[in-house]
Amino acid sequence: MSSAIQPLDGDWPGVRLSQDGTVLTVTIDRPAARGALDAATMQSLTEIARRVRRSSAVQAVILTGQADYFSAGVDLQMSSSRNASEASLLELRSAVAAGPDMCQAWEEIEAITIVAIEGFCVGGAFALALACDFRIMGEGAFVRLPEVPLGMNMSWRTLPRLNALAGPARAKQVALFGDPVDAAHCLEWGIAEVACAKGEALAEARRWAARIAALPPIPARMTKEAVNAAALANAAAVSFMDRDQYLLASRSEDFREGVSAFLAKRKPEFKGN
């Protein structure tokens, strides 16, 4: 294991970093876009996770957003633009791997990862949060998976992670209906570990990180690895095709109708096409 973190100096589009001892804080920093995850931001988050993955200089990683929101998720225009492009199916298949690759990179960080959520955490941002170890939510915060009501499947290998936390019925409920799930229900359903006062999620995450940083690092990492192996033993087997399913769903008429209805703020009319 490397004795120090690989250099994180330089420009990280959409992301801001700070380190206090062995605790690294990664902040999604795109206020003009409500923290939306564009291609550059996802690449930053992926590369940061890969550099941190086996570093002994980091014992805990906090992932957070702004004071009043976490992230609006992936911009729907990315999907629409991708479908309108002249790229080959092989090129598109490679492009849509960015999301699952990002989530996997965060799941593979050996240090303990903590997500501090205020306000909304939607779609791909929630998928990223589920790839981390702990979620701490301020009062008024909510998570949401809007993909199915928009005509897509929920991809990024998210469903096994959600199922491991909330169980199959709750996972179906959250993924199928796309309804917001507030902090209290996330706590009750096992999606979050702490529901704290509004504005206190980051401070609480820092308290958790301080406790983690005081633990012996080797058994802490062993425990994380063992629990993830048990909880997600079949994850790859049940979700390995979800990006191909996304490519299929995103080329359907129902997807176009779902996005159009969302942007027009009207009720969609799906026909199974």
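Details of the structure are given in the entry above.
So, how was this worked out
- Residues numbered from 1 in each chain as written.
- Predicted model: local features only at pLDDT ≥ 70, side-chain atom pairs only at ≥ 80, totals over all residues.
- Heavy atoms only, no water.
- Helix = DSSP H or I, 4+ residues; strand = E, 2+ residues; numbered from the N terminus.
- Buried < 20%, exposed > 50% of the residue type's maximum accessible area, 1.4 Å probe, protein only.
- Contact = heavy atoms within 4.5 Å.
- Pairing = 2+ DSSP bridges.
- Axes fitted to C-alpha atoms, helices over the stretch in contact; angles between N-to-C directions.
- Patch = residues over 30% accessible without salt bridge, like charges linked within 9 Å, V, L, I, M, F, W, Y side chains within 5 Å.
- Areas by Shrake-Rupley, 256 points an atom, 1.4 Å probe, with all protein chains shown as cover.
- Salt bridge = Lys/Arg side-chain N within 4 Å of Asp/Glu carboxyl O.
- Phe/Tyr/Trp six-rings, centres within 6.5 Å; stacked < 30°, edge-to-face > 60°.

## Points about the environment of R256
- Along the polypeptide, R256 turns up in helix α13 (residues 253–264).
- Taking the relative accessible area as the measure of exposure, R256 reaches 48% and is therefore partly exposed.

## A closer look at the environment of N163
- Among the secondary structure elements, N163 is positioned in helix α6 (residues 158–166).
- Exposure remark for N163: the relative accessible area of 34% places this residue in the partly exposed category.
- Along the primary structure N163 and L232 are separated by 69 residues, whereas in three dimensions their C-alpha atoms are 9.4 Å apart.
- Sequence-distant contacts of N163, that is, excluding residues within four places in its chain, are made with P168 and A171.

## Brief notes about the sheet that holds strand β3 (residues 60–64)
- Spatially, six strands are ordered β1-β2-β3-β4-β6-β9 in an open sheet, and the strand pairing comes out mixed. A single partner strand is all that each edge strand has here, and the edge strands are β1 (15–20) and β9 (194–196). Going across the sheet, the axis of each strand differs from the next one's by a mean of 20°, ignoring polarity.
- Where β3 meets strand β4 (residues 112–117), five bridges bridge the pair, whose relative direction is parallel. Looking across to β4, one finds that V61 is bridged to T113.

## Let's talk about a nonpolar patch on the surface
- Together, V148, L176 and F177 make up an exposed nonpolar region whose accessible area comes to about 280 Å².
- As for its position among the elements, F177 is in helix α7 (residues 168–177).

## What to know about the side chain of T113
- Take T113: it is sitting in strand β4.
- The buried category is assigned to T113, whose relative accessible area is 0%.
- Every residue in contact with T113, bar those within four places of it in the chain, is listed here: V61, W106, C132, D133, F134 and K224.

## As for unusual backbone geometry
- The backbone of W156 sits at a positive phi, close to 65°, despite the residue not being glycine.
- Along the chain, W156 falls in the loop between β7 (142–144) and α6.

## Thoughts on the packing of aromatic side chains
- Scanning all chains against the criterion turns up two aromatic pairs.
- Between Y69 and F120, the ring centres sit 5.3 Å apart and the planes meet at 5°, which makes this aromatic pair stacked. Here F120 lies in strand β5 (residues 120–122) and Y69 lies in the loop between β3 and α2 (76–84), a separation of 51 residues in the sequence.

## Re the sheet that holds β7
- Taken together, three strands build an open sheet; the order of strands is β5-β7-β8 and the sheet is mixed. Each end of this open sheet is capped by a strand with a single partner; those strands are β5 and β8 (181–182).
- Across two bridges, the pairing between β7 and β8 is antiparallel. Bridge pairing links V143 to V181 in β8.

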